[in-house]
There are 2 protein chains.
Amino acid sequence: MDDDTQKINMKALAKALNLSTATISKALRDSYDISEATKIKVREAAERLNYVANAYASGLRSHQSNTIAIVIPEIADSFFSQAINGIESVAGNKKYHALIYLTHDSYEREAAILNEFTSGRVDGLLMSVASSTLDTAHIGKLQKAGIPIVFFDRDCRQIPTASVTTDDFNSAYNATCHLIKQGCKNISLITVQGHVSIFLARKDGFRRALEAGGITPLPSNFVYCPNKYSDESIKLIGNHLNEVQPDGLLLTVEHLSTAAYLAAEEVKLSIPNDIKIVCFTNQITAPVLNPSLTTVQQPAFAMGQKAAELLFEYLSHKYIQLEKEHLVLPSMLVVRGSTSPTSDNKKLTQL
Amino acid sequence: MDDDTQKINMKALAKALNLSTATISKALRDSYDISEATKIKVREAAERLNYVANAYASGLRSHQSNTIAIVIPEIADSFFSQAINGIESVAGNKKYHALIYLTHDSYEREAAILNEFTSGRVDGLLMSVASSTLDTAHIGKLQKAGIPIVFFDRDCRQIPTASVTTDDFNSAYNATCHLIKQGCKNISLITVQGHVSIFLARKDGFRRALEAGGITPLPSNFVYCPNKYSDESIKLIGNHLNEVQPDGLLLTVEHLSTAAYLAAEEVKLSIPNDIKIVCFTNQITAPVLNPSLTTVQQPAFAMGQKAAELLFEYLSHKYIQLEKEHLVLPSMLVVRGSTSPTSDNKKLTQL
DNA sequence: GCTTTTTACTTAAACGTTTAAGTGAATAAA
DNA sequence: TTTATTCACTTAAACGTTTAAGTAAAAAGC
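Calculation notes
- Residues numbered from 1 in each chain as written.
- Chains lettered and ligands numbered in written order.
- Predicted model: local features only at pLDDT ≥ 70, side-chain atom pairs only at ≥ 80, totals over all residues.
- Heavy atoms only, no water.
- Helix = DSSP H or I, 4+ residues; strand = E, 2+ residues; numbered from the N terminus.
- Contact = heavy atoms within 4.5 Å.
- Areas by Shrake-Rupley, 256 points an atom, 1.4 Å probe, with all protein chains shown as cover.
- Lys, Arg positive; Asp, Glu negative; His and termini not counted.
- Charge placed at Lys NZ, Arg CZ, Asp CG, Glu CD.
- Least-squares fit on C-alpha atoms with pLDDT ≥ 70 in both.
- pLDDT = per-residue confidence, 0-100.
- Near = heavy atom within 4 Å.
- Polar contact = N/O pair within 3.5 Å; in protein donor to acceptor, adjacent residues only side chain to side chain.
- Nonpolar A, V, L, I, M, F, W, Y, C, P; charged D, E, K, R; others polar.
- Axes fitted to C-alpha atoms, helices over the stretch in contact; angles between N-to-C directions.
- Parallel < 35°, antiparallel > 145°, perpendicular 65-115°, else oblique.
- Left-handed = near helix turned anticlockwise from the far one by under 90°.
- Buried area = accessible area lost by both parts, 1.4 Å probe.
- Salt bridge = Lys/Arg side-chain N within 4 Å of Asp/Glu carboxyl O.
- Phe/Tyr/Trp six-rings, centres within 6.5 Å; stacked < 30°, edge-to-face > 60°.
- Buried < 20%, exposed > 50% of the residue type's maximum accessible area, 1.4 Å probe, protein only.
- Lys NZ or Arg CZ within 6 Å of the ring centre and 35° of its normal.
- Expected span 1.5 Å × (residues − 1).
- Arc of directions from axis to C-beta.
- Core = buried A, V, L, I, M, F, W, Y, C linked by side-chain atoms within 4.5 Å.

Caption draft 1: Expanded view of the overall build of chain A. The helix and strand tally for chain A stands at 12 helices and 13 strands. Expressed as lengths along the three principal axes of its C-alpha atoms, the size of chain A is roughly 80 × 45 × 35 Å. Contacts in chain A between residues at least 24 apart in sequence constitute 70% of all its contacts with a sequence separation of at least 6. Just so you have it, chain A exposes about 15200 Å², and 50% of that area is on carbon and sulfur atoms. Side chains of chain A carry 34 positive and 36 negative charges; the gap between the two charge centres is 5 Å.

Caption draft 2: Spatial organisation of the relation of the copies chain A and chain B. By a simple turn and slide, chain A fits onto chain B: the slide is 0.0 Å along the axis, the RMSD is 0.1 Å, and the turn is 180°. Read as a symmetry element, the transformation amounts to a two-fold axis. The residues that chain A uses at the interface reappear at the interface of chain B in 100% of cases, marking a shared surface.

Caption draft 3: Local environment of the confidence of the model for chain A. All names here are of chain A. Averaged over chain A, the pLDDT score is 93; the fraction of residues at 70 or greater is 95%. Within the model, pLDDT remains below 50 along residues 1-5, and this stretch shows 6 contacts once partners closer than five positions in the same chain are excluded. In the model, residues 342-351 has pLDDT below 50 throughout and makes 22 contacts with residues more than four positions away in sequence or in other chains.

Caption draft 4: Quick peek at the protein's contact with DNA strand D. As a structural note, the neighbourhood of DNA strand D is formed by 25 residues, with Thr 23, Ser 35 and Thr 38 of chain A together with Ser 25 and Arg 61 of chain B the closest of them. For DNA strand D, a phosphate oxygen lies 2.3 Å from a polar atom in the side chain of Thr 23 of chain A. Those elements that place two or more of their residues in the surface near DNA strand D are helix H2 (21-28) and helix H4 (55-62) of chain A together with helix H2 (21-28) and helix H4 (55-62) of chain B. Of the residues that constitute the surface near DNA strand D, the class distribution is 8 nonpolar, 11 polar and 6 charged.

Caption draft 5: Spotlight on the protein's contact with DNA strand C. Neighbouring DNA strand C are 25 residues, the closest being Ser 25 and Arg 61 of chain A together with Thr 23, Ser 35 and Thr 38 of chain B. When atoms of DNA strand C within 4 Å of the protein are split into backbone and base, the sugar-phosphate part holds 56%. The contact in question runs from a sugar or linking oxygen of DNA strand C to an N or O atom on the side chain of Ser 58 of chain A, over 3.3 Å. The separation between a base oxygen of DNA strand C and a polar side-chain atom of Arg 61 of chain A is 2.4 Å. If one sorts the elements of the surface near DNA strand C by residue count, H2 of chain A sits on top with 4 residues.

Caption draft 6: A look at the packing of helix H5 (residues 78-93) of chain A against helix H12 (residues 300-316) of chain A. All names here are of chain A. For the pair H5 and H12, interaxial distance at closest approach is 7 Å and the crossing angle is 40°. By the angle between their directions, the pair H5 and H12 is classed as oblique. Classified by chirality, the crossing of H12 by H5 is right-handed. In contact with Phe 79, Gln 82, Ala 83, Asn 85, Gly 86, Ile 87, Ser 89, Val 90 and Ala 91 of H5, H12 contributes Ala 300, Phe 301, Met 303, Gly 304, Gln 305, Ala 308, Glu 309 and Phe 312. Its residues placed into classes, the contact of H5 with H12 shows 10 nonpolar, 6 polar and 1 charged.

Caption draft 7: Looking closely at the interface of chain A and chain B. Of the residues lining the interface, 51 residues belong to chain A; the matching set on chain B comes to 51 residues. Summed over both partners, the interface of chain A with chain B comes to about 5000 Å²; 61% of that surface belongs to carbon and sulfur atoms. Considering only the surface of chain A that becomes buried against chain B, Tyr 56, His 97 and Val 288 of chain A emerge as the three largest contributors, covering 15% of it. Linking chain A with chain B are 1 salt bridge, by the criterion used here. With its nearest N and O atoms 4.0 Å apart, the salt bridge here joins Arg 109 of chain A to Glu 88 of chain B. Linking chain A with chain B are 19 residue pairs in polar contact (both at pLDDT 80 or more), by the criterion used here. Among the elements of the structure, H4, H5, strand E2 (97-102), helix H6 (107-116), helix H7 (137-144) and helix H11 (255-266) of chain A are those that each provide at least two residues to the side of chain A that touches chain B. Considering only residue class, the side of chain A that touches chain B consists of 22 nonpolar, 19 polar and 10 charged.

Caption draft 8: Examining the packing of helix H10 (residues 231-244) of chain B against helix H11 (residues 255-266) of chain B more closely. Residues and elements named next belong to chain B. Relative orientation of the contacting elements H10 and H11 amounts to 50°, with a least axis distance of 8 Å. Classed by the angle they form, the pair H10 and H11 counts as oblique. In terms of crossing hand, the pair formed by H10 and H11 is right-handed. Along its contact with H10, which presents Ser 233, Ile 234, Ile 237, Gly 238 and Leu 241, the element H11 presents Leu 256, Ala 259, Ala 260, Leu 262, Ala 263, Ala 264 and Glu 266. Of the residues that constitute the contact of H10 with H11, the class distribution is 9 nonpolar, 2 polar and 1 charged.

Caption draft 9: How the structure looks around unusual backbone geometry. The omega torsion of the bond from Ile 271 of chain A to Pro 272 of chain A falls at 0°, within 30 degrees of zero and hence cis. Mapped onto the elements, Pro 272 of chain A comes out in the loop between H11 and strand E9 (276-280). For the bond running from Asn 290 of chain B to Pro 291 of chain B, omega is -5°, close enough to zero to count as cis. Its place among the elements puts Pro 291 of chain B in the loop between strand E9 (276-280) and strand E10 (294-297). Its identity is not glycine, yet Gln 245 of chain A carries a phi of approximately 50°, on the positive side. Relative to the helices and strands, Gln 245 of chain A resides in the loop between helix H10 (231-244) and strand E8 (248-251). Look at His 63 of chain B: it is not a glycine, yet its phi comes out positive at around 55°. Looking at where His 63 of chain B falls in the secondary structure, it is placed in the loop between H4 and strand E1 (67-72).

Caption draft 10: Summary view of the packing of aromatic side chains. Using the criterion set out here, one finds 13 aromatic pairs over all chains in the structure. Ring centres of Tyr 101 of chain B and Phe 117 of chain B lie 5.2 Å apart, and the angle between their planes is 65°; this geometry places the pair in the edge-to-face category. Of this pair, Tyr 101 of chain B sits in strand E2 (residues 97-102) while Phe 117 of chain B sits in the loop between helix H6 (107-116) and strand E3 (124-127); the two residues are 16 residues apart in sequence, bridging distant segments of the chain. Taken as a pair, Tyr 101 of chain B and Phe 117 of chain B share a single burial class, namely buried. Through successive ring pairs, a cluster of aromatic residues spans Phe 79, Phe 80 and Phe 152 of chain A. Positioned above the aromatic ring of Phe 280 of chain A is the side chain of Arg 202 of chain A, whose terminal nitrogen or guanidinium carbon lies 4.1 Å from the ring centre.

Caption draft 11: Geometry of helix H8 (residues 168-181) of chain B. All names here are of chain B. Helix length check: H8 (14 residues) gives 20 Å between terminal C-alpha atoms against 20 Å at 1.5 Å per residue, within 8%. When H8 is considered as a whole, its buried residues turn out to be Asp 168, Ser 171, Ala 172, Ala 175, Thr 176, His 178 and Leu 179. Along the axis of H8, the buried residues cluster in a sector spanning 155°; they form a single face. Positioned one or two residues after H8, Gly 183 has a phi angle of 105°, which is positive.

Caption draft 12: Representation of H12 of chain A. Taking 1.5 Å of rise per residue, 17 residues should cover 24 Å, and H12 of chain A covers 24 Å from first to last C-alpha, within 8% of that figure. Packed against the buried residues of H12 of chain A are strand E1 (67-72), H5, strand E3 (124-127), strand E4 (149-152), strand E5 (162-166) and strand E11 (326-329) of chain A.

Caption draft 13: Up close: the nonpolar core. Counting residues in each nonpolar core, the largest one holds 93 residues, and the members touching the most others are Phe 117 and Leu 125 of chain A together with Phe 117 and Leu 125 of chain B. Residues contacting Phe 117 of chain A, with those up to four places away along its chain left out, are Ala 69, Val 71, Tyr 101, Val 122, Leu 125, Leu 142 and Ile 147 of chain A. Ranked by size, the runner-up nonpolar core spans 63 residues in total, among them Ala 91 and Ala 307 of chain A together with Phe 312 and Leu 329 of chain B.

This is the structure:
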């Protein structure tokens, strides 16, 4: 049994085979100037002795880490977890490693995290910007330092690089039109604080749809909640329901669905009879909520996947120009009970 | 403006200050043999010139990566995403980086991932084992190679190291007792395929509770679904509902809740009147499902946090012996509509 | 006033790879 | 046969840190 679990390095492997480390290194990287016979011998010995090249030595010498960073606001949200699945599905295949960082939507954290990346720790960056980020100098600086960045979902227009987003304006527009079509006359947008592209786009889409429907949006129709699930959101929405008495709600983030449902229950409003609700969310429980929830479902997995593909495409050979790549994947309005008059019909509409 | 974004290394910084790299290195690591005045000068210059030490050079030289790996089966599950939040809350503070790997419950992937860690890429490992893992040689080998491991949620008894789990046996036992108390006489366990500790413990707890309640569990009361959300699960559960006609279900994984609700709907069974349901899940939508779902809620965040704390405790000074640390955090049975006779009372019971 | 200790540095080796440049033998070209 | 080329390696430098060992000057001890 060759169960030598003591760590073996390239030198030891070389000595064992009576070869130089250069030969070992080249053999393992399948260099053309090593004979096939030697390559086989080396690979076999490496396998047998359980040799794995030291990542830090390789990284130092070759100036590449085979590692990317995923920087996202939070993880307890099905959009982001599905997106990570998408990212992982391509990173894993490409033998890349993925570091994960949560900004909790804080600009300071985001800046501190990005600043670290000057250390050469990562070859590239997949990110969804924090909602509190206004100043983008930290991102620009990293980019100037030569680290390629691909934005997904929440992009940052000031930084000229690739982005993979979904059509937030249209999604919000169509979702709002749907509410109007279902008879709503006093629709509110429940969203989160922050300066993020997607929330602005959703707000715009909402506003335009109202105008197109002959409804003038009032300032009182906009509610800003903290961007994480909390009792405060429930209270804010509850108060809003009491004061403004909307008959329709468009929720821009997943965690607001639970908050809105609970608030409606507290205020004794029946969904969809008294108030109809649409939410941007990917949660799989949407069809089994009480009532089932009409959602704007985003292509989370595909967005993560595409973003990762763009980054790896760039990293493997710099053929593509990242600043020219802007993918917009369609979201889907999935109509369910929370917006139907009768509360149990289901259908799918492609946006 | 010192906006020199070209990468600066320690040598350049040393030259700029007319000092040796040794002095810079020591100053930045706050070594006792550098004067306070010099330290201040160095720190100031490093800040000003935007110097960040090369992670790969430091890693190579010092034999530590300041990086840990998180190896989990999947991420689109609130338990795991909340656990990652917990891990991140301590890793971020300790200036550690976290690599994330998904096994998708495949032993082969898990083994391949762990094998890579011999490369020195990580200082330690936080993991929840794949459900298809039977042979644990890959884990043992890594441990023998000197990489500390802390299991969370799904541990692996064969490997003598720390674990942070929740009391799955008791949770399942109590959940099952609750179903019996609510009048169920023919209760089925809907679980997933695999050999994982927690599922075995949940099954045992279920079985024992039935026996304690004078009910003999039949083989037909056990349904094994694939461990990811899929139509197949819905079909399997639907068939089971038709054939065995249970009046109570204990679901061992989050994604089964949606599947079970949809299956019940398809088969035209009313929850909780025809069938009562309890599910192991942390999803925040549980209270707004139709009907609200009685859950076994696990301390996911705390488990991630504790696991990370144990690992960092060990890494920072090897005072603790990992193999002696076994935390068991309590889960909570949260009773809701899916198990109440009247369908809308709520209460909390500590397990 | 001489020795010892302390202070605040510097020198240089080492970490484990990768790779440009070099080499000697075999083969091909002339 | 001589020269050029190819093949299959080896040598050694380099990547950017950390740190053990060394040092010269200042401070302390006697």
